[in-house]
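Tertiary structure, described
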Amino acid sequence: MTNRTENILPLNERNAWKALAVHYEQVRRLHLRTLFADDPQRGERMTAEAVGLYLDYSKNLITDETLKLLLQLAKECGLRQRIDAMFCGEKINITENRAVLHVALRAPREASVIVDGVNVVPLVHAVLDKMADFSDRVRSGEWKGHTGKRIRNVVNIGIGGSDLGPVMAYEALKYYSERAMTFRFVSNIDSTDFTEAVHDLDPTETLFIVSSKTFTTLETMTNAHTAREWLLAAFGGDTQSIAKHFVAVSTNAAEVAKFGIDTAQMFEFWDWVGGRYSMTSAIGLSTMLAIGQVNFRIMLRGFHQMDEHFRTAPFESNLPVLMGLLTVWYTDFFGTQAVAVLPYEQYLKRFPAYLQQLTMESNGKQTTLNGSRVSYNTSPIYWGEPGTNGQHSFYQLLHQGTSLIPCDFIAFIETLNPLGRHHDILLSNVFAQSEALAFGKTIEQVKAEGTPDWLIPHRIFEGNRPSNTILAQRLTPEVLGKLVALYEHSVFTQGAIWRINPFDQWGVELGKVLAQRIIPELESKVEPALGHDSSTNQLIRRYRNSKGISA
């Protein structure tokens, strides 16, 4: 058991951290070629498998001693206690005094998760049941629009977690979606986003989902009011039409009613659910409409299975813990600044974008839980594209660039769309890329190919580029849930080691506050008194002058 003194000890003063720093100097020049040659079973040994996901982490720049020290670091940092605190509903989001219970969103009905003396699981399932009832009515055609036509188009209006989760899930599970319906997603305040989303839709057959906890989010509500005007224009200004073509995901009943939405069609969620962790809450209503309540609940089951694995499995075989510790190893000892997420599955094309918010909004912090500034690196940059597209764009940098970028390859044994040799070729590229990154191509190999001397330096691959490979049988709603939860808990693991709070996002606030100040300065009919820096003042004046607002 880690004692209180150890818990408040600065990270880089912990015994395991110091030991890792020494160990890094001993292993940083080791090559994966040597590690595999010295241990022929390494590729079989350095793997972990749970809840249908297989993780091969053997192509990482680690030894058994590295793993031992990383696991010791997790123990010294109180990771087990932090996990227990989250699952028990403790208010571990200390800057907002909130519990962190996205895991309760996928808990089974019989579970009990207490927040402020209340078991929240029945509340969660009450909302799920309400979502399911509404989803069934829309999908069956029982729910009619204002003119009596069935709903064929669904437009989700949100931003951040209210958009990235739903759009990623829709794309990921498109195979399982109702193809007779059209789904669109609007998030950007740029008017093009809304215009293109609705340009070919019939208002009489269109349902808008407005997702905003407070129903005051600037971008979301601006787009929602534009949608309202677009709809009313089609119905001759009849405001009664709103009740049949708008639903809300919110907690602010007063604002929802003011907008004209029937509060009976307001789907609730709670302040212990962060936006980027909310895709299994009512924020997932568009997902349920697309894939149906049965598939949605199967997805929740996948989330829950990974939650339980994270909560109970020993750290040495715990998939999220292993991935989180490896990220700490590269970020803080090798000084890497990025992680590439490379899904070899076209349906997961938005998965890297989803992970960008999950990882960087969570752990892009420089202040520890006790308010001091960190003296080590925290979240790397997460990015990526589906393979094999990325191979023909940025993989050059992964193989021969000057940056060391760990990679996560994600692949599936079975394709959802069998077509000739396509899947064998796809999977051959997954395995080949991780092999090429790890082992490269030596000068001797290049010479043996008869390469001219002047060309040899250009064709050498140093290798020793680390990667994980995550394999599952096929992409199902359940597997998607497991994958998302895997990364959620990896992020949690990293935050626990770094002693930061992954569940607030104060860093996004300042720009929003300043934008509220600048909007009236851009729109004012008279020359405003500007009090910004000289650059911002000049940009505002140039914009106003170009619009002809003022001289």
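Since this is a predicted model, take the numbers as computed values, not measurements.

Rules behind the numbers
- Residues numbered from 1 in each chain as written.
- Predicted model: local features only at pLDDT ≥ 70, side-chain atom pairs only at ≥ 80, totals over all residues.
- Heavy atoms only, no water.
- Helix = DSSP H or I, 4+ residues; strand = E, 2+ residues; numbered from the N terminus.
- Phe/Tyr/Trp six-rings, centres within 6.5 Å; stacked < 30°, edge-to-face > 60°.
- Buried < 20%, exposed > 50% of the residue type's maximum accessible area, 1.4 Å probe, protein only.
- Lys NZ or Arg CZ within 6 Å of the ring centre and 35° of its normal.
- Pairing = 2+ DSSP bridges.
- Axes fitted to C-alpha atoms, helices over the stretch in contact; angles between N-to-C directions.
- Contact = heavy atoms within 4.5 Å.
- Expected span 1.5 Å × (residues − 1).
- Right-handed = clockwise from strand over helix to strand, strands pointing away.
- UniProt positions renumbered as here; feature names shortened; annotations may be inferred.
- Polar contact = N/O pair within 3.5 Å; in protein donor to acceptor, adjacent residues only side chain to side chain.
- Disulfide = S-S within 2.5 Å.
- Salt bridge = Lys/Arg side-chain N within 4 Å of Asp/Glu carboxyl O.
- Domains from an automatic or database assignment.

Turning next to the environment of Ala169. Residue placement: Ala169 occurs in helix α8 (residues 161-172). Residues Ala169 and Trp230, 61 residues apart in the sequence, show an inter-C-alpha distance of 27 Å.

What follows covers the packing of aromatic side chains. One pair of aromatic rings is described through two measures. These are the centre distance and the angle between the planes. For the structure on display, the rule yields 27 aromatic pairs. Centre to centre, the rings of Tyr24 and Trp329 are 6.2 Å apart; their planes meet at 80 degrees, and the pair counts as edge-to-face. Of this pair, Tyr24 sits in helix α2 (residues 15-27) while Trp329 sits in helix α14 (residues 319-334), and the two are 305 residues apart along the sequence. In this pair, the class of Tyr24 matches that of Trp329, namely buried. With a centroid separation of 5.4 Å and an interplanar angle of 80 degrees, the aromatic rings of Trp329 and Phe334 are classed as edge-to-face. In this pair, the class of Trp329 matches that of Phe334, namely buried. Here the aromatic cluster, defined as three or more aromatic residues joined through ring pairs, consists of Trp17, Tyr24, Trp329, Tyr330, Phe333, Phe334 and Tyr376. Its end group placed over the ring of Phe267, Lys130 keeps NZ or CZ at 5.2 Å from the ring centre.

Take the sheet that holds strand β10 (residues 338-343) next. Taken in spatial order, the six strands of this open sheet run β1-β2-β13-β12-β10-β11, and their pairing is mixed. Among the strands making up the open sheet, the edge pair consists of β1 (47-50) and β11 (381-383). Across this sheet, the average inter-strand angle for adjacent strands is 15 degrees, counted without regard to direction. In this sheet, β11 lies alongside β10 in parallel orientation, the contact comprising three bridges. By the bridge assignment, Ala340 is partnered in β11 with Trp383. On the sheet, helix α20 (residues 477-498) packs against β2 (53-56), β10, β11, β12 (407-412) and β13 (467-472) and is oriented at approximately 160 degrees with respect to β12.

Here α14 contains 16 residues, and its C-alpha end-to-end distance of 22 Å stays within 8% of the 22 Å for a straight helix at 1.5 Å per residue. Downstream of α14 by a residue or two, Gly335 has a phi angle that is positive, lying close to 70 degrees.

Now for the pairing of strand β6 (residues 182-186). One ladder, built from five bridges, connects strand β5 (residues 153-157) with β6; its direction is parallel. By the bridge assignment for β6, Val154 is matched with Phe183. Note on the crossover from β5 through α8 to β6: the handedness is right-handed.

The UniProt feature table records "active site" (unreviewed entry) at Glu361, His392 and Lys512. Maximum C-alpha separation among the annotated residues is 37.1 Å over a sequence range of 152 residues, too wide for a single clustered spot. Mapped onto the elements, Glu361 comes out in helix α15 (residues 351-363). The class of Glu361 is partly exposed, set by a relative accessible area of 21%. In this structure, Glu361 is in contact with Arg276, Gln356, Asp504, Gln505 and Val508, ignoring residues within four places of it in sequence. Within the structure, Glu361 has its side chain in polar contact with the side chain of Arg276 (distance 2.9 Å). Among the secondary structure elements, His392 is positioned in the loop between β11 and α16 (395-400).

Quick look at the state of the cysteines now. Using the criterion set out here, one finds zero disulfides in the structure. The closest cysteine sulfur to the non-disulfide-bonded Cys77 is located on Cys88, 20 Å from its own sulfur. With relative accessibility at 2%, the residue Cys77 sits in the buried group.

Sheet architecture is open: five strands sit in the order β6-β5-β7-β8-β9, paired in parallel fashion. Unpaired on one side and paired on the other, β6 and β9 (266-267) mark the two borders of the sheet. Note that β5 and strand β7 (residues 206-211) share five bridges and pair parallel. By the bridge assignment for β7, Val154 is matched with Leu207.

Moving on: unusual backbone geometry. Residue Thr388 is bonded to the preceding Gly387 through a cis peptide linkage, with omega at 10 degrees. In this structure, Thr388 sits in the loop between β11 and α16. The phi torsion at Phe215 lies on the positive side, around 60 degrees, for a residue other than glycine.

Once their charged atoms are close, side chains differing in charge can pair, the charge on each being opposite to the other. Under the defined criterion, the tally for this structure stands at 24 salt bridges. The closest approach of N and O atoms between Lys365 and Asp504, which form a salt bridge, is 2.9 Å. Residue Lys365 is found in the loop between α15 and β11, and its partner Asp504 is found in the loop between α20 and α21 (509-523); the two are separated by 139 residues along the sequence. Each member of the pair Lys365 and Asp504 is classed as buried. With a closest N to O distance of 4.0 Å, Arg459 and Glu449 form a salt bridge. Pair noted here: Arg459 is in helix α19 (residues 456-459) and Glu449 is in the loop between α18 (443-448) and α19, with a separation of ten residues, a long-range link. One salt-bridge network, in which partners are shared between bridges, spans Asp39, Arg45 and Asp64.

Counted residue by residue, β12 has six buried out of six residues, so it is predominantly covered. Here β12 shows no split at all, with Cys407, Phe409 and Ala411 on one side and Asp408, Ile410 and Phe412 on the other all buried. Bridge count between β10 and β12: four bridges; the pairing is parallel. In the strand pairing of β12, Leu342 is matched with Phe409. For β12 and β13, the ladder comprises six bridges, and the chain directions are parallel. Directly across from Asp408, in β13, lies its bridge partner Asn468.

Further remarks concern the domain arrangement of the chain. According to the domain assignment, the chain contains domain 1 (14-97 + 301-498), domain 2 (110-296) and domain 3 (507-547). On a C-alpha basis, the centres of domain 1 and domain 3 stand 42 Å from each other.

This part is about the environment of Ala257. Position of Ala257 among the secondary structure elements: in helix α12 (residues 253-259). For the pair Ala257 and His532, spaced 275 residues apart in the sequence, the C-alpha separation amounts to 38 Å.

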